[in-house]
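The residues making up each chain are set out below.
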Amino acid sequence: MFRRDRPQGATQGYLIRLAQGRIAPGAEAEILQSAAPWPEDAIALGYWEDVPVALALEAEPGEAWLDGRGWLGRLPESHFGLLSTALQVGHWYRNHRFCGRCGSRASALEHEFAMACPSCGHRNYPRISPCIITLVTHGDELLLARSPRFPPGRYSTLAGFIEPGEAAEEAVRREIFEEVGLTVGRVSYFKSQAWPFPHALMLGFFAEAASRRIRIDGEEIVDAAWFTPRRLPQLPPLYSISRALIETHLKAVGGR
Ligand SMILES: [Zn+2]
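Just so it is clear, the model here is predicted, and its values are computed rather than measured. (Residues numbered from 1 in each chain as written. Predicted model: local features only at pLDDT ≥ 70, side-chain atom pairs only at ≥ 80, totals over all residues. Heavy atoms only, no water.)

## Overview of the layout of surface pockets
Link 1 in the chain: Estimated volume of the largest pocket: approximately 890 Å³.
Link 2 in the chain: Residue lining of the largest pocket: 36 residues in total, with Arg149, Phe150, Ala159, Trp195 and Met202 positioned closest to the centre.
Link 3 in the chain: If you list the elements that add at least two residues to the lining of the largest pocket, you get strand 11 (129-138), strand 12 (141-146), strand 13 (158-161), helix 3 (168-180), strand 14 (184-195), strand 15 (200-209) and helix 4 (241-252).
Link 4 in the chain: For the lining of the largest pocket, the leading source of residues is strand 13, giving four residues.
Link 5 in the chain: Here the second largest pocket defines a volume of roughly 620 Å³.
Link 6 in the chain: Lining the second largest pocket we find 28 residues, and of these Phe80, Gly81, Ser84, Gln193 and Ala194 sit closest to its centre.
Link 7 in the chain: Those elements that provide at least two residues to the lining of the second largest pocket are helix 1 (68-74), helix 2 (80-95), strand 14, strand 15 and helix 4.
Link 8 in the chain: Looking at the lining of the second largest pocket, the element that brings in the most residues is helix 2, giving six residues.
Link 9 in the chain: Split into classes, the residues belonging to the lining of the second largest pocket amount to 16 nonpolar, eight polar and four charged. (1 Å grid on protein atoms, 1.4 Å probe; cavity = no way out; pocket = protein on both sides within 12 Å on 5 of 7 lines; lining within 4 Å. Points joined across faces, edges and corners; volume = space filled by probe spheres on them. Helix = DSSP H or I, 4+ residues; strand = E, 2+ residues; numbered from the N terminus. Nonpolar A, V, L, I, M, F, W, Y, C, P; charged D, E, K, R; others polar.)

In structure tokens:
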């Protein structure tokens, strides 16, 4: 199990090797290289089974290295926190090497995830982007949509970024209206999931549609339709919160 407590002054332990969003296969927990001294610029992440874990950012991935989705599909859920942390910290670190306020070279602090500017004191923390993801239902039926980025045949729940100054529930109603032209009645919170592509925090909701008539926006989604529990399209992968929303609804209406 991953423990979120940054090892102070540690110089050895497990290592995760990351390059261009791909992680090397390892000996422990599938993505951990065996305990050994860390390279000098390794970033301490926390502990795995009480052994310190650090991240090493490398230039080129090797042939057998898998991307985040590849690993999410292989690893048990107990490893997701470790994997998401490595991917998100790696992405943040690569993109925040300079101060966003004055442009000086920033340096990483040891006791927390922060890049500090020695010239102006500005601090940069890992970016986490809250998104809503929502399953719209009408009785037993589910509203699922296709993004142009999806593999052929796949449909999923609606999702979108929360805008500055917006509450999550407001974002749910706005996204549903923008993408499929529906107004919804009751909106209820389900659960959340860190989604490291590259730094989203998905907040899952159920929303009950007041009517079945939809109007597709054609940009963010290219198709949307109502599905009955007996006739479903190809669904998102099992490890995703969108799939958990769908499965939870199916169970509640007796379709699973
Ligand atoms: Zn600065």
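Structure shown, so let's carry the discussion forward.
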